[in-house]
Structures are given as C-alpha cells and as structure tokens.
Amino acid sequence: MTLLAFDWAFTVEKAILIAVIISISLVVAMYATYAERKVAGFIQDRRGPNRAGPFGLLQPLADGLKLFFKEEVIPTHSNKFLFILGPSLAMFTAMMTSAVIPWGGKVELGGRMVDLQVADINIGILYIFGVVSLGVYGMMIGGWASNNKFSLMAALRGASQAISYELAMGLSLIALLMLTGSLSLRTITDQQIQGNWWNIVYQPLGFLLFFICSLAECNRAPFDLPEAESELNMGYHQEYSSMKLGFFLFAEYINMFISCTVIATLFLGGYDMPFVDESQLSGVTALLVGLLALFGKTFLLIFIFMWVRWTLPRFRYDQLMNLGWKGLIPLALLNMVITGAVVLFTMK
Amino acid sequence: MGITQLLFWLLTTLTLGSALMVIFSKNPVYSILWLIITFFAISGHYVLLNAQFLAIVNIIVYAGAIMVLFLFVVMLMNLNMPSSPLKNKWLMFAGVISGGSLLLVLVAALKDTEAMRNGILMQTGDIGLIHNLGKVLFKDYILPFEISSVLFLSAMIGAVVIGKKA
Amino acid sequence: MESLTQRAKPVDRRPMNWLEKIYLWEIFKGMSITLKHFFKKKVTIQYPEQTRPFSPVFRGLHILNRDEEGRERCTACGLCAVACPAEAITMEAAERLPGEEDLYREEKYAARYEINMLRCIFCGLCEEACPKDAIYLSETFAPANYSRKSFIYAKDDLLIPDPVTNPEEYAKAKGLIDKKKNLKS
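None of these values were measured; they are calculated from a predicted model.

Points about the overall build of chain B
And then number 1: In terms of regular secondary structure, chain B is built from seven helices and zero strands.
And then number 2: When the helices and strands of chain B are read in sequence order from the N terminus, they spell out α-α-α-α-α-α-α.
And then number 3: Split into buried and exposed, the 166 residues of chain B put 22% on the buried side.
And then number 4: Contacts in chain B between residues at least 24 apart in sequence constitute 60% of all its contacts with a sequence separation of at least 6.
And then number 5: Here chain B displays about 12,100 Å² of accessible surface, and carbon together with sulfur accounts for 76% of that area.

Here's what the structure looks like:
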C-alpha cells in the first residue's frame, strides 16, 4: 500500500488552509463589491448602499441572492458547454493564484510547524504569471460561446489587453527579481522583513509599473475596456445572466484581492508589520500581527484600486495600447537596465 | 506502484488522449482546447521530472500566449462554411506516407538517446530548477541562447515591418 | 460675443507642458480632488425618514376647505373647473336639503367633486378662481400607484378633516392654508 504512504496530516493541513483561503477570498470579494459602491458613493458625495442591514452591510448578500434568483438564459445557437465553461474557468483561475502567496510566517500549532502558504515553490512569481495568463481563457471562451459579435469583440479586446500588459508586468518585475535573486514569494518576504526597507523603496518605478499593469490585468478602470457598459456595448459577458454573470463579476473582485495581496507581498513587505520586530513576539502573536499587516496593506491597495476607478475616465483603446507598448514597456526596460547597472556596481 | 508512477500514467494517458482529440475534434475551437489540455499534461510531466521552471514556462508561453493567438484566429474564422472532405485520394495517401515517415524518423532518433538508455529519473536531479537552469543556459550554452534571442528579435522586427507595410 | 453672465470661464487651450504630458502628476492632482470629496459632507437626503422642506408657495395636492363649524365651503359654482387649463376638475352640483345645514355652508353644494391628478398640472389657477376659499393646493404630492383610476381623487380624498370630530388633523391641514394666506396678503 505505497499509495497511502504520504503525510496525511500534511494533506489535511493544506486542505484546511486551502478551504480557509478560498472562503476568505470569497468573503473579501463579496465585501469588495460593497466597498466599491460605498467608495463610489463617498467620492461622488453620496452615501452608497445603506438600506440592507446596518450601514447596508447585508447588501452583498442581497445582490448575491438576486443573482441566484435571476433566470438563466443560454442563448440559442450558442455553444452550451463552452458557455458554461467560460465563467467556471474565470472563477477557477481567480482562485488558483492564491496558492503561492505567503499569508503569514510559519507557526508551531499542536506540535507541528504550520506554514501559512499552500505551496512554497521556487518559481512562485512565474506561477502567478502562468495562472494570470490563463485567466484570458475564461473571457475568450465565454465571449465566443455567447454567439454574439459584441461579446466576441469584447473578448478579443480583453484578451489582447491582458496579453499586452502581461509583458510590461513581467518586465517590471524582472528588475525586482534582480534585487531579490529569488522567485519564491516566501524568500522575497523574508528578505524584506530582515532588510531595512521594503522593496518599494528600491523599486519605486517598478512598483508603479506593476501597479498600473495589475489595474489592466484586473480589467479595472481606467483600463476596463473589456466591460465598458456604456460606450462599447458592455463586454464579453453581455449574454450572461444569473449566477454565471455573477461568477464573472465575482472572479474579477477575487482577482483584485489577490493582485493586491501580490503587490503587498512583493513591494510592501508582505506580512511584515512596520516598526515591530516580529522575532521578539511569540509564535501565535507574531502570526496574528503578520496577518493584520498583510490584510491591512491589501485593503489599503484595494481602496486605492477603487479610488483610481472613481477618479479616472476610461482610456480609449488605441491610447491603452499606446500606453502599454510605447509607454510602460520602454519604462520597464529602462528600469531593468538601471537596476542591472546598480546591482552590477554595488555587488562586486 | 507509487504515487509518482500513478501520476505518470495518468498524465501520459491524458496527454495522448487529448492529443488525439485535437485531431479528431470536428470543431476547431475544441481542438484548441484539447491542445491546451495537452500542454497542461506535458507541464505535469515536467513537474514530475522536478523541472518546475520548464513546466510553468510551458504554461505561460504555450497555453497562455500562443494558444490565445490560435483561439483569436479560429474564433474570427467563419466556422459555418461546410468543410469540404478531402476529395483527392492521392493527397490522403501522400499525407499518410509523409506522416508515417516522420514518425519513423522520430522513433529512430529517440531510440538511442541517453534518456532511453538510462531511464528517466523521476523527482531526482535538479537541472530543471531555475538556479541550475539559469547557470547552464548562461554559462555552457550562452552562444546558442544569444543567437536564438537575436533570431527572435529579427522575427519581431520583421513582423513590425510587414505590419507597417499593410 | 459678450457673455451673459460673469461666471463663464475661458477654456485653457495652451499646449500641455512636460509635467502635464506624462499625466502622472495630473492623475495625482485628480485623485486628491476625489479624496477631498470622500470626506465631504454628503448631500443625500434620506427620503422616507427625511424630507426636503417645501417652499411655502409649493403647489401640491388639492384640499377642499371647510369652515370653523366643519361645513364644506364649496358651492359647486364651477369656476375652478372653468379656470382649469388641463380640464382636470369635474363636479356635479346638488341642492342642500333641509337638515343638512351643518354639512354645507351654502344652499348649493358639490355632490361629486373629482380631480384627475394625472391631468392636473398643479398651476394653482383653481385656487385663484375660487370665490369661496374652498380649494387650496397643499404641500403633499400624489403618491405612486398602479392604476390610472386611483389618480382620480374624489371628494373623500380631497376634503380637509372635520374640525369638530378631528381637530388635530384639521389644525395641521389648516396651518398650511393659513401660511399660504399670509404669504398672499
């Protein structure tokens, strides 16, 4: 029975961790929709949703319930299997990214070293890029299977946007990787905790580029062309209704949460609480402080995402492509060259 | 049978099965989706060989980028055109012969490779890890590596020139 | 061309300088503006709980007035119906019978008095035309409803509460009328 010869406790631990992370991302995404509407309201001198429950806190539940009770429409002549596969893929890829994020340090719980990271693979960042590049499929398959020209156009628009900005995103990260010398997110975080400064100090331009590219990757304004409701006839989810539409929208909010966590981990020290020396705290306290720090940073970034959305108007498509190819990629290359030179001269 | 071997057989079946489905699918979009699954299965093999970098790069480059372009093209094609069956019997015959000879060449070439003789080392060896791979690429194979990048650059410039002309 | 008001701002059409061309600084400026609005006082009026104060000259739903003893003032002279530009008012007159003196002030009264609130344009001409102080426009507006029929308001819907049986409601409604009267005089 060699089949059963693996560490069961390990498996159970990871399974629990995965379940917890997924439910946390779902809840965060749910309340991100609420926060989005609140932020939108506040920026426009309104109050945002405040009727469902105290301060409107039950609004996301009401929205979800509404989506569940909507009629499911599958257009005639659409490809039924692919039509359902589209949103499922979107959701699946959104969930998958969280596997390599270190949510906290290692902690001793019940005689076991529990690692708050599902998988510490030595190519962590590349894994994220891989999953992000797969995120295009949900969009494309959904758009094509709808059997609607406008959906297809939007899917093409979205896919080419995602591919274009992935390049700039990767290039902006290479400079950071030159400094850290590792692709593992755990190592990068540890370096920031032990070093004096977070990576944003060494890589301000890289941070900015990465931030802009993640806005584009998450289809957030000002780059939300794949789902421009008013001027571009909505987006790839035009034909979707009910919870399938909900999946697309929800996947986007999960993506936003995860990409904010990734930015926090890469550039803002991950679970490093500023001005606190984690090594002096006891295991569980350090863990809680770390979680607090990581989530604080993430929520701040989510707020900035929303703030940007309700401030900037949408780019035109040619402007978007110009910015991506002629603006961000040369800047990322410049950043790379400068970082390379500095690394070369300082690390004799 | 260990878990690794079980995974190996599973992945192999998946790879071959989905590769066959690429050919047998009537709908080109399905073909591409099967091809993507094939790439995933191959990436799984890389992981079994402890070559995580190759696995993920395979996914990023092939499944994530090239297949998206394939999908672009197929989705913009008019799929409603009735596909004409191969009329020319001789063409079919020629196809079978050329395919068969390609298979023959491949088998002959792979028969005597090192891996075939020694057997593949599962989960051992760390040549596929990013550190070692980088060292090998930038020390032992620096010239071919740079030449291939120049090739890519020229291809890119060529594409831009053609695009500007149109 | 001379501007009509002094508020017109000329559009700045200078070419963008370098700082404006890279957009980033301008984006930060814009974001600081939106952040300022984030902390501003909200202008929303929470409708069912709070209501916007009406102006005293607001013209809302009609009220048929009574005198101090609770008798209807309307004599069904029809002047309001004639004055109405939207032809929203319909009435039928009837003669007061003996024993009804505590119901109607004059010998003639309106047996049926209907205003179609869908036709009414709330111009207030009926109020101006009435010689008997019988009709006033109040500060409420017609609530939404599902049927057209329900927007035809009959006498029961229009009459002010009786000062004898329901003095509180009457005083409330009356207060509005008095306010209006003071404003006119």
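Re the interface of chain B and chain A
And then number 1: If you look at the interface, chain B gives 27 residues, while chain A gives 27 residues.
And then number 2: For the pair chain B and chain A, the summed buried area comes to about 2,300 Å², and 78% of that belongs to carbon and sulfur atoms.
And then number 3: Along the contact surface separating chain B from chain A lie zero salt bridges.
And then number 4: Here chain B is connected to chain A by two residue pairs in polar contact (both at pLDDT 80 or more).
And then number 5: Mapped onto the side of chain B that touches chain A, the elements with two or more residues apiece are helix H1 (3-24), helix H2 (28-48), helix H3 (52-76) and helix H6 (130-140) of chain B.
And then number 6: Looking at the side of chain B that touches chain A, the element that brings in the most residues is H3 of chain B, giving 13 residues.
And then number 7: Looking at the side of chain B that touches chain A residue by residue, the classes come out as 22 nonpolar, five polar and no charged.

As for the domain arrangement of chain B
Residue and element names in this part refer to chain B.
And then number 1: Looking at chain B, the domain boundaries give domain 1 (1-80 + 95-126) and domain 2 (129-166).
And then number 2: On the domain 2 side, the residues contacting the five residues of domain 1 number four residues.
And then number 3: Roughly 440 Å² of surface becomes buried between domain 1 and domain 2 when both sides are summed, with 69% attributable to carbon and sulfur atoms.
And then number 4: The interface formed by domain 1 and domain 2 holds zero salt bridges in total.
And then number 5: The interface formed by domain 1 and domain 2 contains zero residue pairs in polar contact (both at pLDDT 80 or more).
And then number 6: Classifying every residue of the side of domain 1 that touches domain 2 gives two nonpolar, two polar and one charged.

A short note on the state of the cysteines
Residue and element names in this part refer to chain C.
And then number 1: Considering all chains together, one arrives at zero disulfides over all chains under this definition.
And then number 2: Among the cysteines around cysteine 77, which has no disulfide bond, cysteine 80 carries the closest sulfur, lying 6.1 Å off.
And then number 3: No disulfide involves cysteine 120; its nearest neighbouring cysteine sulfur is the one of cysteine 84, lying 6.3 Å away.

Side note on empty space enclosed by the protein
Residue and element names in this part refer to chain A.
And then number 1: Counting across every chain of the model gives four cavities of 30 Å³ or more.
And then number 2: When its volume is computed, the largest cavity comes out at roughly 470 Å³.
And then number 3: Lining the largest cavity we find 30 residues, and of these Val132, Gly135, Glu217, Cys218 and Asn255 sit closest to its centre.
And then number 4: Of all the secondary-structure elements, those providing two or more residues to the lining of the largest cavity are helix H3 (80-96), helix H4 (124-145), helix H5 (149-180), helix H8 (204-217) and helix H9 (242-267).

Describing the layout of surface pockets
And then number 1: The space that makes up the largest pocket amounts to roughly 2,700 Å³.
And then number 2: Together, 48 residues line the largest pocket, and Leu167, Leu171 and Ile174 of chain A together with Val57 and Val61 of chain B are the ones closest to its centre.
And then number 3: Listed by contribution, the elements that provide at least two residues to the lining of the largest pocket are H4, H5 and helix H11 (317-346) of chain A together with H3, H6 and helix H7 (142-165) of chain B.
And then number 4: Broken down by element, the residue count for the lining of the largest pocket peaks at eleven residues, all from H5 of chain A.
And then number 5: When its residues are assigned to classes, the lining of the largest pocket shows 32 nonpolar, 13 polar and three charged.
And then number 6: Looking at the lining of the largest pocket, you find at least three residues from each of domain 1 (1-80 + 95-126) and domain 2 (129-166) of chain B.

With respect to helix H6 (residues 185-194) of chain A
Residues and elements named next belong to chain A.
And then number 1: Residues Leu185, Arg186, Ile188, Thr189 and Gln192 constitute the buried set of H6. Relative to the axis of H6, the buried residues are bounded by an arc of 165° and lie together on one face.
And then number 2: Between a side-chain oxygen at the N-terminus of H6 and the backbone nitrogen of arginine 186 the separation is 3.3 Å; the capping residue is serine 184.

A look at H9 of chain A
Residue and element names in this part refer to chain A.
And then number 1: The end-to-end C-alpha distance of H9, which contains 26 residues, comes to 38 Å, matching closely the 38 Å that a straight helix rising 1.5 Å per residue would cover.
And then number 2: Where burial is concerned, most of H9 is hidden: 23 out of the 26 residues are buried.
And then number 3: A positive backbone phi angle near 80° is found at glycine 269, which sits one or two residues after H9.

Notes on the packing of H8 of chain A against H9 of chain A
Residue and element names in this part refer to chain A.
And then number 1: Direction vectors running N to C along H8 and H9 enclose 170°, while the axes themselves pass 11 Å from each other. Of the possible angle classes, the one that applies to H8 and H9 is roughly antiparallel. For the pair formed by H8 and H9, the contact residues are Gly206, Phe207, Phe210, Phe211 and Ser214 on the first element and Ser259, Val262, Ile263, Leu266 and Phe267 on the second.
And then number 2: For the contact of H8 with H9, the class distribution of residues is seven nonpolar, three polar and no charged.

Observations concerning the interface of chain A and chain C
And then number 1: Listed by partner, the interface residues are 15 residues for chain A and 15 residues for chain C.
And then number 2: Taking both partners together, chain A and chain C bury about 1,500 Å²; carbon and sulfur atoms supply 66% of that area.
And then number 3: Three residues, Asp45, Arg47 and Trp307 of chain A, lead the burial of chain A against chain C; their summed loss comes to 38% of the area buried on that side.
And then number 4: Counting across the interface, chain A meets chain C through one salt bridge.
And then number 5: A salt bridge links arginine 51 of chain A to glutamate 49 of chain C, with the shortest nitrogen-to-oxygen separation between them at 3.1 Å.
And then number 6: Joining chain A to chain C, the criterion identifies nine residue pairs in polar contact (both at pLDDT 80 or more).
And then number 7: Elements supplying a minimum of two residues to the side of chain A that touches chain C: helix H1 (8-43) and helix H10 (283-309) of chain A.

Thoughts on the pattern of salt bridges
And then number 1: Enumeration over the complete set of coordinates arrives at 16 salt bridges over all chains.
And then number 2: Connected through shared salt-bridge partners, Glu36, Arg220 and Arg309 of chain A make up one network.

Quick word on the nonpolar core
And then number 1: If you look at the biggest cluster of nonpolar residues, it comprises 115 residues, and the most contacted ones within it are Ile125, Met140, Leu266 and Phe267 of chain A.
And then number 2: In terms of residue count, the dominant contributor to this core is H9 of chain A (15 residues).
And then number 3: Excluding residues within four positions of it along the chain, leucine 266 of chain A makes contact with Ile125, Leu173, Leu176, Leu185, Ile188, Gln192, Asn199 and Phe210 of chain A.
And then number 4: Formed by 23 residues, the second largest nonpolar core is a distinct cluster that contains Ile89, Tyr113, Ile115 and Leu137 of chain C.

What counts, and at which threshold
- Residues numbered from 1 in each chain as written.
- Chains lettered and ligands numbered in written order.
- Predicted model: local features only at pLDDT ≥ 70, side-chain atom pairs only at ≥ 80, totals over all residues.
- Heavy atoms only, no water.
- Helix = DSSP H or I, 4+ residues; strand = E, 2+ residues; numbered from the N terminus.
- Buried < 20%, exposed > 50% of the residue type's maximum accessible area, 1.4 Å probe, protein only.
- Contact = heavy atoms within 4.5 Å.
- Areas by Shrake-Rupley, 256 points an atom, 1.4 Å probe, with all protein chains shown as cover.
- Buried area = accessible area lost by both parts, 1.4 Å probe.
- Salt bridge = Lys/Arg side-chain N within 4 Å of Asp/Glu carboxyl O.
- Polar contact = N/O pair within 3.5 Å; in protein donor to acceptor, adjacent residues only side chain to side chain.
- Nonpolar A, V, L, I, M, F, W, Y, C, P; charged D, E, K, R; others polar.
- Domains from an automatic or database assignment.
- Disulfide = S-S within 2.5 Å.
- 1 Å grid on protein atoms, 1.4 Å probe; cavity = no way out; pocket = protein on both sides within 12 Å on 5 of 7 lines; lining within 4 Å.
- Points joined across faces, edges and corners; volume = space filled by probe spheres on them.
- Arc of directions from axis to C-beta.
- Expected span 1.5 Å × (residues − 1).
- Axes fitted to C-alpha atoms, helices over the stretch in contact; angles between N-to-C directions.
- Parallel < 35°, antiparallel > 145°, perpendicular 65-115°, else oblique.
- Core = buried A, V, L, I, M, F, W, Y, C linked by side-chain atoms within 4.5 Å.

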